[in-house]
Each structure stands twice: as C-alpha cells, then as structure tokens.
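Residue-level structure breakdown
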Amino acid sequence: MGFLNPRALRWKIAALTAAACCAVATVIGLLVHQSTQDHGQRAGRDRAVTQLHAAEQEYARTGERPAAADLMTRDEVPAPLARDLAGLGRSGEYALWYDEKPPNWYWMWAAVSVGDKVLVVRTDMSAEVRGLQLLDRSIVKAVLAALAVVVPLAALATEPINRRLRHGARTARKIADGDLDARIGHPGRARDEITEMSTAMDVMAAALQQRLESERRFTADVAHELRTPLMGLVTAAGLLPEHDEAADLVRTEVRTLRGLTEDLLEISRLDAGVEQARLDEVPLGELVTDVVRRLGGVDDVCVRGTDVVRTDPRRVERVVTNLVTNAQRHGAAPVQVTVTGTRIAVRDHGPGFPADLLAHGPQRFRTEAAERGRGHGLGLTIALGQAAVLGARLTFANAPDGGAIATLDLCRYPTGEPTDKPPVS
C-alpha cells in the first residue's frame, strides 16, 4: 500500500487526529474570541461612561454643551439608545448602546437625561474590533501551522502499526498460497489488539495445519490399506465367468474402486510435496494427439504452431487425460482439444464450471453443480497438482457462448523448473 494512498490507515488516523485538533482549536478559539470581545465591549462601555460622566459634570458647571458630547432632544436620540434610556429606573442613570454595522462602523453610545434634554457621547470601538479580528486570524494561522506539523507526524507515528498489519497480511497470503508453516509471530514489545489478533491467527493457522496434516495422513493411510484387498478383488474378479451380467458389474465396480484408490494415493503424494518432474524435450502437439486418440470420445483436435517443450510427458498426459475425462463426464458434446504453441485447451459445450470452482479452484470430493453430473472431484484436483509440479499454469473459465474451458499453459516458468509444492485445494 503506497504512502500517498488516501485510503491507507495512516491517513485515516492522521485525518482523525486533524479533526480532533480542529475541534479543540475551534472550542478554544470561540472561548478566546468571546472573552476578548466581552472584554473589549466592557472597556468601551467604561470609556463611554467615563467620557459621559465628565461631560455631565462640565454641563452642570457651565450650562453649555461640552465639546466631547452632543445635547439632543429626546426625539433626536437613536431609537435603541432611547429605549434603553426610557427603561432606566431613575434620573442620573446612564443608558448604553453598542452600534455595530460591519465592516467599518463600531460605536459605543452612552446617554443621560439632563432636564428635558439628553446628553449623548459615543466612543469609537474600531480598535477593539480590529484587535479581535487580528486575534482570530492569528488563531487560524496557529491552527494551520499546528496541523502542518501534526498530520505528517501522526502519519509517521502509525508506520509501526501499518508495518505489523502488512506483515500479518503477507503471512495470511502465504498460508492461503499453501505455506502452512508461515506464522506472524510477535515482533516488538507491543501488547495490544494487533498482538492479540496475530496470536489468534497463528493459533488458527496451526490448527488448520494440524487438521490438514491429519487429513493427508488419513487419506494416504486409507489408500495404502485399500491396495491389498483391492488386488485380491481384482484377481477374484478376473476369475469370474465372462459374459455374465453380475460378473461384469463386479468387474466394473472393482475397476472404479481401484481408480479411486489410485487417485487418493496420487493426491497424498502431491500433498506431501515429494513429486518431482522428470523433464525431457517433447513435441507437444504429437503428445497431446496421441493421448486424445487413445482416450477416444473427442470430437475435434486442433494442433497449430506447436513447439518442442521441455516438460514431463507423463504428467502432461495425466493432466490432459483428467481434463478430457472431466469434460466427457460432466460436460456435453462436442469436446474439443486445441494445442497452440505451448498451450493446451480442453473445451466442452455443457453447463460450464460452477461459480465456486472458478472463484476458489477445484476441491476434492466436491463437484458443486448438479447439472455437471456427480463425481468425487479428484480429477481436476490432481490435474491442478500435477500442473504445479510441472511449473505450469492451469486455469478454468466458461465460454461466453456456453461450455467449460480448461487451459494448461506450460510457459508460466520459461526455465522449466518445477515448483516445490502443489497448491492446496
């Protein structure tokens, strides 16, 4: 995951940190703004009252309008100031009014009744307002500067967490790819939720490995144990009379049971990772044509532009046989085999592969779709395992106009080196 990916966890944490910083800064800024505004208005009222008190004393002494005040009739007094003046309880009290008309008109008015006249003064509040605006801008600049430092630091501070999560994801992918010995472990000294999750995943992987190993041992043991009685059954079936319906049925079922046992033994060897490819120079087109001819039941074989491939012909034959047999058994005619270069494609015109097989690959003892017939699901599993031993790639798809397509690509690894382990199904 790239450092600049906006959906990365580090940027989500950084965004949460930025949001928290902005929320705190907003609350503090509002409190400071309100406190400074109240202080400025109190200072303006104090100046206006002091100025009005001095003007009142001068008017009482001289009987003339002071230079710093206005002498108005009650009708001339601004309406808000007049209402405040009318609401005063007794003569001699001061009425106040803050006249605010943004952006350039800020005055604090003060008035007192002197006989049938009203003595009025007003104080300019622009300095306080400009100071408040400057304070607001300073707060915003300080918050932006803090965010410019906090957000990158928060993103960098989450890197150890991201590294641990990426390590866990890589380990999970290794396990999914068949490396059952992979474990997350407990790097570092942290004892947090990620450590708990890592421990739980390691325990799960160990339990999964144990269960799979038990399944493999059981499969191998059962297959080996069945070989001896099967050989007896095969021998006994061969002694049964010919052209007898019951004897023919017995021989057919014995052959089926023998094939299933051999498949189980082959799967156990593939699971154990003991299979090794014996590479040789093989004319691929001739090999596939010969295999299909011996199988029979294939409606069309197309060979074009084939190469001499360094591969194991016995394992290629096994894969092609299983793919053609699966197409004949679970698909519908016509069955077509195409060899192009180093690629072999087997197609039928039946209902196609089920969605689960396309998504997760073939699984033993599961055929998924009733419309593709019944079976134990070992044929495609063995084909996939043998392809892995060859270092080839076996893919499954459905044709747009219907039917299943299985493709064996022998050019996945140009060196022809086999892989160590088949994929886990």
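Just above sits the structure.
Everything in this summary refers to the structure shown in the same document.

Conventions used here
Residues numbered from 1 in each chain as written. Predicted model: local features only at pLDDT ≥ 70, side-chain atom pairs only at ≥ 80, totals over all residues. Heavy atoms only, no water. Buried < 20%, exposed > 50% of the residue type's maximum accessible area, 1.4 Å probe, protein only. Helix = DSSP H or I, 4+ residues; strand = E, 2+ residues; numbered from the N terminus. Pairing = 2+ DSSP bridges. Axes fitted to C-alpha atoms, helices over the stretch in contact; angles between N-to-C directions. Contact = heavy atoms within 4.5 Å. Patch = residues over 30% accessible without salt bridge, like charges linked within 9 Å, V, L, I, M, F, W, Y side chains within 5 Å. Areas by Shrake-Rupley, 256 points an atom, 1.4 Å probe, with all protein chains shown as cover. Salt bridge = Lys/Arg side-chain N within 4 Å of Asp/Glu carboxyl O. Phe/Tyr/Trp six-rings, centres within 6.5 Å; stacked < 30°, edge-to-face > 60°. Lys NZ or Arg CZ within 6 Å of the ring centre and 35° of its normal.

1. Quick word on the pairing of strand β3 (residues 105–114)
Within β3, nine of the ten residues are buried, leaving the element largely enclosed by the surrounding structure. Bridge analysis of strand β2 (residues 95–101) against β3 gives seven bridges, and the strand direction is antiparallel. The partner of K101 across the bridge, within β3, is W105. Counting the residues between successive antiparallel strands, the hairpin from β2 to β3 contains three residues. Where β3 hands over to strand β4 (residues 117–124), the hairpin turn is made up of two residues, of which G115 adopts a positive phi near 70°.

2. Some remarks on the sheet that holds strand β1 (residues 70–72)
Taken in spatial order, the four strands make up an open sheet running β1-β4-β3-β2, and their pairing is antiparallel. In this open sheet, the two strands that pair with only one neighbour each are β1 and β2. Taken pair by pair, the neighbouring strands of this sheet meet at an average axis angle of 30°, ignoring direction. Across the sheet, helix α1 (residues 9–62) lies against β1, β2, β3 and β4, angled at about 140° from β4, the strand it touches most. Contacts from helix α3 (residues 126–157) reach β2, β3 and β4 within the one sheet, and its direction differs from that of β3 by about 145°.

3. Observations regarding the sheet that holds strand β11 (residues 404–409)
The strand order across the open sheet formed by five strands is β6-β8-β9-β11-β10, and the pairing between neighbours is mixed. Edge strands, defined here as strands with exactly one partner in the open sheet, are β6 (300–304) and β10 (393–398). Pairs of neighbouring strands in the sheet enclose a mean axial angle of 15°, with direction left out of account. When β10 meets β11, the two strands line up antiparallel, connected through six bridges. Of the residues in β11, the one forming a bridge with N398 is A404. Each of β6, β8 (336–340) and β9 (343–347) touches helix α7 (residues 284–295); the most contacted strand, β8, lies at about 165° to it. Together, β8, β9, β10 and β11 form the strand contacts of helix α8 (residues 313–330), whose direction differs from that of β9 by roughly 20°.

4. Regarding a nonpolar patch on the surface
Taken together, the side chains of L9, I161, L165 and M197 define a hydrophobic patch exposed on the protein surface, amounting to about 280 Å² of accessible area. Relative to the elements of secondary structure, M197 occurs in helix α5 (residues 193–238). The exposure class of M197 is partly exposed, given its relative accessible area of 39%.

5. Let's talk about the packing of aromatic side chains
Pairs of aromatic rings are described using the distance from one ring centre to the other and the angle between the two planes. Scanning the entire structure with this criterion turns up three aromatic pairs. Ring geometry for W97 and W109: centres 5.7 Å apart, planes at 35°, overall tilted. Taken together, the positions of W97 in strand β2 and W109 in strand β3 put the pair twelve residues apart, joining distant regions of the chain. Each member of the pair, W97 together with W109, is buried. In this arrangement the basic side chain of R122 is found over the ring face of W107, its NZ or CZ atom lying 4.3 Å from the centre.

Interpretation in functional terms is not warranted from these geometric data alone.
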